[in-house]
Amino acid sequence: MSPRWRVVLWLAFGALVAALPPIIANDYYIGVAVFVGIGAIAAIGLNLLMGYAGQVSLGHAAFMAIGGFTSAILTTRTGVSPWIAMACALLLASAVATLVGIPTLKLRGHYLAMATLGVGMIVTIILTQWDDFTGGTSGLTDIPYLSLAGVPLDNDVKYFYLVWALVALALLLSSNLIRSRVGRALRALHTGEVAAATCGVDIARTKLRVFVLSAALAALAGSLYAHHVHFVNPHNPFDFSFSIQLVVMVVLGGLATLPGSVVGAATVILLGEYLRSLGDFDVLAFGVILALVLIFLPRGIVGGAASLLQARRAAGGAAQES
Amino acid sequence: MAAPVLEANRLQKVFGGLVAVHDVSFRVPEGGVKAMIGPNGAGKTTVFNLLSGVYPVTSGTFLMGGRRADGRPPHVVAHMGLARTFQNVRLFGNMSVVENVMVGWHRRGRAGFLAAALRLPRARREEAAAREACLEHLARVGLEGWADEDALSLPFGRQRLLEIARALASRPRLLLLDEPAAGLSTREKADLARLVRAICDDGVTILLVDHDMEFVMDISDEVMVLDHGEKIAEGPPRQVQKDERVIAAYLGEEADAPD
């Protein structure tokens, strides 16, 4: 993509985000849009890991849980500033990711997927059983609002702007990253570990770093979630089924397309809202829609749209030449 | 005398019960083109995989510029100044031509996660310089007009050249070329021979494996011959061509005998 197009897309994205709350003008849906932003932040991180570096995590909701519960526990029990609690949440998730990643990322194959699956289960069990500390299955309540420069973000419109500013920041930093020396190393090890290693890329270390980064983004999402609903429990959206939903967001939006993660998060969360009226059949409908998208757009929504545009441009170019 | 670029002592590689490389010792002196030839299955590519750290050695050692390099992972060997190409070209298919070369440049850069994500001034300067340098490497192999194409959209012969450009981008002391001429037309081979000599003249020592006798004899200063994992001859091309064990090895295997 040329730099000019990138600027145009950024301006369009900024304008859309700025205009959305007045257009929606409905508290419930603004709340949903906040969830979309939170999901998008976690999905962007997971896309860096899955889409670019080719490593699968089936336990990313556990890092959201670590983020959400660290914020919840520190703000309700110690009265520390929510921002400091959030920083601790990111550090703790990074530390856990490092411990999980060091042994598993040295190996080739699906060891990371297995290990993260296990970590997800363990985190859910710890949060459920350690009830003195975590509130057990009933969870923790009365998590305070975040405030920015002394202004409490005490309604959904204000919180919407904070969350989506962070989505934009995550997008910006991630897209810088993938277009750099580090990003090329990630993409290279995805398609050819041996060739990348012989080019001087430290495979294990690069994988570990991107895994830690994606865990930290998940923790940020979890912490933002806690300050949005003011309540956390070990399950929704912190258990295995949400880990799978995050993977679906990434694949549905398009692996290795960062805007795809935002589109994927919006699709999954909005579908969840609309399909709720189907009661128990929502899972079925969700599955059918997913299968259809992946059959007709195997590169995901944004990836598929991009290749359609490219094909049309190529066809247009050929028509002009003849 | 300065230490040779590469010195291999009694290299041994065993896969299960198969001895792929047996007791192979050799030196690659600075500044020439050395070729390793031998029938199919002689262990040539295995030797390359040992030297580049892709496989660990079963026993034996090798030194690069006098420093022990065996037992080190591929990226460390790369940082010691070794670069290679692959028999079955291994480009990064999800990247453009120039980006492939820029992965080769990786070890020359410094920008880490933080500097890259924040696009710090030094990371931007480094990135611009890297692209510049990599475009020069592309021009070196004659691919200057292809920089922004998808790497895998190149015709096969040019993919080979791209792999050489990628290897050169790390500014290696020693370049390993694994069957660079395989599958090329006569004319492409002649161009490649000129390119290999020119790279050598720039001060990069070259060790190559190939089947094409004419190509090898033409460009090499020194030839070593492997058969069944063992070194059976080594010396100047003319002398090796007349060696009886070499002729027997080739005639016994296939009719691809040196003339």
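Residues numbered from 1 in each chain as written. Chains lettered and ligands numbered in written order. Predicted model: local features only at pLDDT ≥ 70, side-chain atom pairs only at ≥ 80, totals over all residues.

**Focus on the overall build of chain B**
The cut-off we apply is this: The numbering of helices and of strands both runs from the N terminus, where a helix is a DSSP run of H or I of at least 4 residues and a strand a run of E of at least 2. Exposed residues have 12 or fewer other C-beta atoms within 10 Å of their own C-beta, buried residues have 20 or more, and partly exposed residues fall in between, where C-beta atoms are placed from the backbone. C-beta atoms are placed from the backbone for every residue, and two residues are taken to be in contact when these atoms lie within 7 Å.
A tally of helices and strands in chain B yields ten helices and ten strands. The principal-axis extent of the C-alpha atoms belonging to chain B is close to 60 × 40 × 40 Å. Expressed as a percentage of the 259 residues in chain B, the buried residues total 46%. The long-range fraction of contacts in chain B, counting pairs at least 24 apart against all pairs at least 6 apart in sequence, stands at 67%.

**Section: the environment of B:Arg84**
Residue and element names in this part refer to chain B. Within the secondary structure, Arg-84 sits in strand S6 (residues 82-84). By the C-beta count within 10 Å, which is 29 here, Arg-84 ends up buried. The spacing of Arg-84 and Thr-46 is 38 residues in sequence and 13 Å in space, taken between C-alpha atoms.

**Observations concerning the sheet that holds strand S2 (residues 18-28) of chain B**
Residue and element names in this part refer to chain B. Selection criterion: Here the rule is simple: two strands pair whenever DSSP picks up at least two bridges between them. Note on geometry: axes are C-alpha line fits, over the in-contact stretch for helices, and angles between N-to-C directions span 0 to 180 degrees.
Taken together, the four strands give an open sheet; going across it, the order is S2-S1-S4-S5, and neighbouring strands pair in antiparallel fashion. Edge positions in the open sheet fall to S2 and strand S5 (67-68), since each of these has one partner strand only. Packing of helix H1 (residues 44-51) onto the sheet brings it into contact with strand S1 (6-15), S2 and strand S4 (59-64), and relative to S2 it is tilted by some 65°.

**Observations concerning the sheet that holds strand S3 (residues 33-37) of chain B**
Backbone hydrogen bonds hold the strands of a sheet together, and the pairing may be parallel or antiparallel. Residues and elements named next belong to chain B. Overall, mixed pairing links the six strands, which are arranged S6-S7-S8-S3-S9-S10 in an open sheet. Unpaired on one side and paired on the other, S6 and strand S10 (230-235) mark the two borders of the sheet. Within the sheet, the average angular offset between the axes of one strand and its neighbour, ignoring direction, is 20°. As paired strands, S3 and strand S9 (residues 222-227) are joined by four bridges and run parallel to one another. Note that in S9 the partner of Ala-35 across the bridge is Val-223. Strand contacts of H1: S3, S6, strand S7 (174-178), strand S8 (205-209) and S9, with the helix running at about 145° to S7, the strand carrying the most contacts.

**Brief notes about the pairing of S10(B)**
Residues and elements named next belong to chain B. Here S9 runs beside S10; their pairing, made up of five bridges, is antiparallel. By the bridge assignment, Val-225 is partnered in S10 with Ala-233. Where S9 folds back onto S10 in an antiparallel hairpin, the turn is made up of two residues, including His-228, whose phi is positive at roughly 45°.

**A word on helix H13 (residues 282-296) of chain A**
One turn of the α-helix equals 3.6 residues, which is why residues spaced by three or four share an orientation. We count it as follows: Here, expected helix span is obtained from the residue count minus one, scaled by 1.5 Å.
With 15 residues, H13(A) should reach 21 Å at 1.5 Å per residue; the first-to-last C-alpha distance of 21 Å fits that figure. Sparse coverage of H13(A) is indicated by the burial of zero of its 15 residues.

**A short note on the domain arrangement of chain B**
Residue and element names in this part refer to chain B. Heads up, the rule is: For each domain, the first and last residues come from an automatic or database assignment. Residues are grouped as follows: nonpolar covers Ala, Val, Leu, Ile, Met, Phe, Trp, Tyr, Cys and Pro; charged covers Asp, Glu, Lys and Arg; every other residue, Gly included, is treated as polar.
Each domain of chain B was delimited in the assignment, giving domain 1 (1-81 + 173-259) and domain 2 (93-171). Computed from C-alpha coordinates alone, the two centres of domain 1 and domain 2 are separated by 27 Å. Across the boundary between the two partners, domain 1 contributes nine residues, which contact eight residues of domain 2. For the side of domain 1 that touches domain 2, the secondary structure elements donating two or more residues are helix H2 (74-79) and helix H7 (186-201). Its residues assigned to classes, the side of domain 1 that touches domain 2 comprises six nonpolar, two polar and one charged.

**Points about unusual backbone geometry**
Residue and element names in this part refer to chain A. The peptide bond linking Asn-236 to Pro-237 adopts the cis configuration, its omega dihedral lying at -5°. Tracing the backbone through its elements, the reader meets Pro-237 in the loop between strand S4 (231-232) and helix H11 (240-253). The phi dihedral of Ala-25 falls on the positive side, at around 45°, and the residue is not glycine. In this structure, Ala-25 sits in the loop between helix H1 (3-24) and helix H2 (27-52). One non-glycine residue, His-230, lies in positive phi territory at about 60°. Mapping His-230 onto the fold places it in the loop between helix H10 (203-229) and S4.

**Considerations on the environment of A:Ala40**
Residues and elements named next belong to chain A. You can see Ala-40 is positioned in helix H2. The class for Ala-40 is buried, based on 29 C-beta atoms found within 10 Å. When the C-alpha atoms of Ala-40 and Ile-289 are compared, they prove to be 20 Å apart, with 249 residues separating the residues in sequence. Residues in contact with Ala-40, not counting those within four places in the same chain, are Val-167, Ser-261, Val-262 and Ala-265.

**Describing the confidence of the model for chain A**
Rule in force here: Scored between 0 and 100, pLDDT is the confidence that the predictor attaches to each residue.
Of the residues in chain A, 98% reach a pLDDT of 70 or more, and the chain-wide mean stands at 91. Within chain A, H10(A) carries the highest mean pLDDT (97), whereas helix H14 (residues 300-321) of chain A carries the lowest (76).

**Thoughts on the interface of chain B and chain A**
In this complex, chain B contributes 31 residues to the contact, which on the side of chain A involves 25 residues. Contributing elements (two or more residues each) for the side of chain B that touches chain A: H2, helix H3 (97-104), helix H4 (113-117) and helix H5 (121-140) of chain B. Partitioned by chemical class, the residues of the side of chain B that touches chain A number 14 nonpolar, ten polar and seven charged.

**Observations concerning the packing of H11(A) against helix H12 (residues 258-275) of chain A**
A pair of packed helices is captured by two measures, namely the crossing angle of their axes and the spacing between those axes. Residues and elements named next belong to chain A. The line we're drawing: Each angle is binned into one of four classes, with values under 35 degrees roughly parallel, values over 145 roughly antiparallel, values of 65 to 115 roughly perpendicular, and all other values oblique. Crossing handedness is read from the near helix: turned anticlockwise from the far helix by less than a right angle, it gives a left-handed crossing, and turned clockwise, a right-handed one.
Orientation of H11 relative to H12, taken along the N-to-C sense of each, is 125°, at an axis distance of 7 Å. Overall, the two elements H11 and H12 adopt an arrangement that is oblique. As H11 runs across H12, the sense of the crossing is right-handed. For the pair H11 and H12, the contacting residues are Gln-245, Val-248, Met-249, Val-250, Leu-252 and Gly-253 in the first and Gly-260, Ser-261, Val-263, Gly-264, Ala-265, Thr-267 and Val-268 in the second. The class makeup of the residues in the contact of H11 with H12 is seven nonpolar, six polar and no charged.

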